[in-house]
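# Close look at the chain arrangement
Here is how the chains run, residue by residue.
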Amino acid sequence: MTRQFLPFLAFSAALLGLAAAHDPGDAGAHQQPPWQEATGWPDRIVVTLPESPQSSFAVTWRTDATVDATFAEIVEARDDARFDIGAERVSARTERLDPQKADAFGEVIDIASNAGLPPAHFHSVIFEDLKPDTLYAYRVKGTGDQWSEWLQTRTAAESGPISFLYLGDAQNALRSHWSRLIRAGFQEAPKADFILHAGDLVNRPSRDLEWAEWFDATGFIHGMIPAVPVAGNHEYERLNLPSVEQNRLLSVMWRPQFTLPEEPTLADDLQEVAYDIRYSNDLHLFIISTQSPKIEEQADWLDRELAASDARWKIVSMHHPIFSSGADRDSPERRAALLPVINKHKVDLVLQGHDHTYARGAISQTPERIAFQSKGGSVDTMFVNSVSGPKQYGFRAGDWDDYEADGVTLVRKAENTQFFQLITIDGDRLSYEARTATGALYDSFDMTKKRGRKRITRGSASTMGERSFSNTGAYKTP
Ligand SMILES: [Fe+2]
């Protein structure tokens, strides 16, 4: 949730080019589907994780602009039919969002894809002073007696097993084609502790209709399982302004819609896109915004945060991959800034998106050269690029041979397939599975820490051969 709402300044004719680049009228008010329209009922309810997920969680929701001041209620979930008697009330913070306008560094620009949409209100609470590893029921209020259903969310344990889903780019055909993928993930892991979305949640950053589709596809899932969103390039508007910094404007929806940890040591435009969550003694998550031009600043921050973390497993997520798997999509500058930090701290897993292909590979800094497909390989960092939506690209030529100097080995790849990944941490063992939308196992491994070494203790297992455009069904751009 944005802590400060900047007043809109002068209207700039020079910037209307941005508006013209969009399809005018394609989300006009008269065409709004019922699941897009804001009403007095709370919708787009999403749980997110603050800095201390063992004692708190955040909830954000939307209503129409008639709801000025509202609140949420919370109670420990019990077996009693009326568990809700005695629920505690918490006042919400309310933020108005006019989806037709964006404040672009002091200039107001039009968002033509939201033409005709009225302002909406986004409300948020952070429930605090909760018990660890405890199931809570909460509900959020709109106007009058218009409440959400009671939803249940569990706080993080101080230590112990954790499981979570990781999804690459959703981006396109969210309602028609991405929905089955996230729901398949939910069916596979209904008790997942959170779901990590590694960027490009939508295609057009600020287009309300796409966010409506995203929330329609996820349904009640993110009312119960916290979302950990990563900002991708499609969460930033591209403006025709003189400086690179000013050409990257975060989606107007992002900060109102997600209540994420703030990092006081980072620049204002990195708030709620670069953050860390120390989930428990067993897991520390670090989220980077690779579309931000401030890569060096984030690399320095990541270096400091990793050095200070005593968590057993450390996982970094960012949108643009360190090692590209799509054709002509390499990011050498980002790699130059971030890979030394990842190597220095032997980050366990790096979870990425952007290339609309599947790739998994590993770096081992020990001299032994290892086939990571098999058991016994010593490993420092495992890198994954994945895609959850229906837009699919071809795999880059030569696989990862030209990254040999970086010491990375490609283990498994795929094209023309939507995936979700289930990652489970239990003490010194991390287990990974990549599954398709039908639930089929495509890739997996176990990584185990023992006496200061990290090894692959279960090699790649799969129920199918390598999938490529040449041996799978017909494809059409969604
Ligand atoms: Fe992307």
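The structure displayed is predicted, hence computed values, not measured ones.

We now examine the coordination of the iron ion. Looking at the iron ion, one finds its protein donor set to be Asp200 (OD), Asn233 (OD1), His319 (NE2) and His354 (ND1), positioned 2.1 to 2.2 Å from the metal centre. Here the iron ion is ringed by four donor atoms whose angles at the metal span 84 to 174°, and the overall shape comes out irregular. Donor residues binding the iron ion come from one chain and are separated in sequence as D-x32-N-x85-H-x34-H. Of this pair, Asp200 sits in the loop between strand 12 (194–197) and helix 3 (208–218) while Asn233 is found in the loop between strand 13 (227–229) and strand 14 (236–238), placing the two residues 33 residues apart along the sequence. We note that Asp200, like Asn233, is buried.

Of the two faces of strand 12, both are covered, the one formed by Phe194 and Leu196 as well as the one formed by Ile195 and His197. Across four bridges, strand 11 (residues 162–167) lies against strand 12 in parallel orientation. Looking across to strand 12, one finds that Phe164 is bridged to Phe194. Traced from strand 11 through helix 2 (residues 174–188) to strand 12, the parallel crossover comes out right-handed.

Turning next to the layout of surface pockets. There is about 330 Å³ of room inside the second largest pocket. Around the second largest pocket sit 18 residues that line it, and Pro42, Asp43, Arg44, Ile45 and Gly219 are the ones nearest its centre. When residues of the lining of the second largest pocket are traced back to their parent elements, those giving at least two are strand 1 (43–48) and helix 3. Grouping the amino acids of the lining of the second largest pocket by side-chain chemistry returns ten nonpolar, three polar and five charged.

So, about helix 2. Between its terminal C-alpha atoms helix 2 stretches 20 Å, which fits the 21 Å expected from 15 residues at 1.5 Å a residue. If you look at helix 2, its biggest bend is around 25°, right at Arg180. Taken together, the buried positions of helix 2 are occupied by Leu174, Trp178, Ser179, Leu181, Ile182, Ala184, Gly185 and Phe186. Contacts from the buried residues of helix 2 go to strand 11, strand 12, helix 3, helix 4 (221–224), strand 23 (419–426) and strand 24 (429–436).

Turning to the sheet that holds strand 10 (residues 151–154), a few remarks are in order. Spatially, four strands are ordered 4-3-9-10 in an open sheet, and the strand pairing comes out antiparallel. Edge positions in the sheet fall to strand 4 (88–91) and strand 10, since each of these pairs with one other strand and no more. The average undirected angle you get between the axes of adjacent strands in this sheet is 30°.

This part takes up the sheet that holds strand 22 (residues 408–414). In spatial order, the strands read 16-17-18-19-21-20-22; together these seven strands make up an open sheet with mixed pairing. Of all the strands in the sheet, just strand 16 (275–280) and strand 22 have a single pairing partner and so form its edges. Across the sheet, the axes of successive neighbouring strands diverge by a mean angle of 15°, strand direction being ignored. Across the face of the sheet, helix 7 (residues 332–345) comes into contact with strand 19 (349–352), strand 20 (358–363) and strand 21 (381–385) while running at roughly 140° to strand 21.

Applying the stated criterion across every chain yields a total of 24 aromatic pairs. Look at Phe127 and Tyr138: their rings are 6.0 Å apart centre to centre, the planes differ by 50°, and that puts the pair in the tilted class. In this pair, Phe127 is assigned in strand 8 (residues 120–127) and Tyr138 in strand 9 (residues 135–140), connecting sequence segments eleven residues apart. Three or more aromatic residues link up through ring pairs in this structure, and these residues are Trp178, Trp211, Trp214, Phe215, Trp254 and Phe258. The side chain of Arg139 reaches across the aromatic face of Trp147, ending 3.7 Å from its centre.

The rules we used
- Residues numbered from 1 in each chain as written.
- Predicted model: local features only at pLDDT ≥ 70, side-chain atom pairs only at ≥ 80, totals over all residues.
- Heavy atoms only, no water.
- Donors = N, O, S within 2.8 Å, 3.2 Å for Na, K, Ca; no water.
- Tetrahedral: all angles 85-135°; square planar, octahedral: opposite > 155°, others 65-115°.
- Helix = DSSP H or I, 4+ residues; strand = E, 2+ residues; numbered from the N terminus.
- Buried < 20%, exposed > 50% of the residue type's maximum accessible area, 1.4 Å probe, protein only.
- Pairing = 2+ DSSP bridges.
- Right-handed = clockwise from strand over helix to strand, strands pointing away.
- 1 Å grid on protein atoms, 1.4 Å probe; cavity = no way out; pocket = protein on both sides within 12 Å on 5 of 7 lines; lining within 4 Å.
- Points joined across faces, edges and corners; volume = space filled by probe spheres on them.
- Nonpolar A, V, L, I, M, F, W, Y, C, P; charged D, E, K, R; others polar.
- Expected span 1.5 Å × (residues − 1).
- Bend = angle between axes of the 7 residues up to and from the residue.
- Contact = heavy atoms within 4.5 Å.
- Axes fitted to C-alpha atoms, helices over the stretch in contact; angles between N-to-C directions.
- Phe/Tyr/Trp six-rings, centres within 6.5 Å; stacked < 30°, edge-to-face > 60°.
- Lys NZ or Arg CZ within 6 Å of the ring centre and 35° of its normal.

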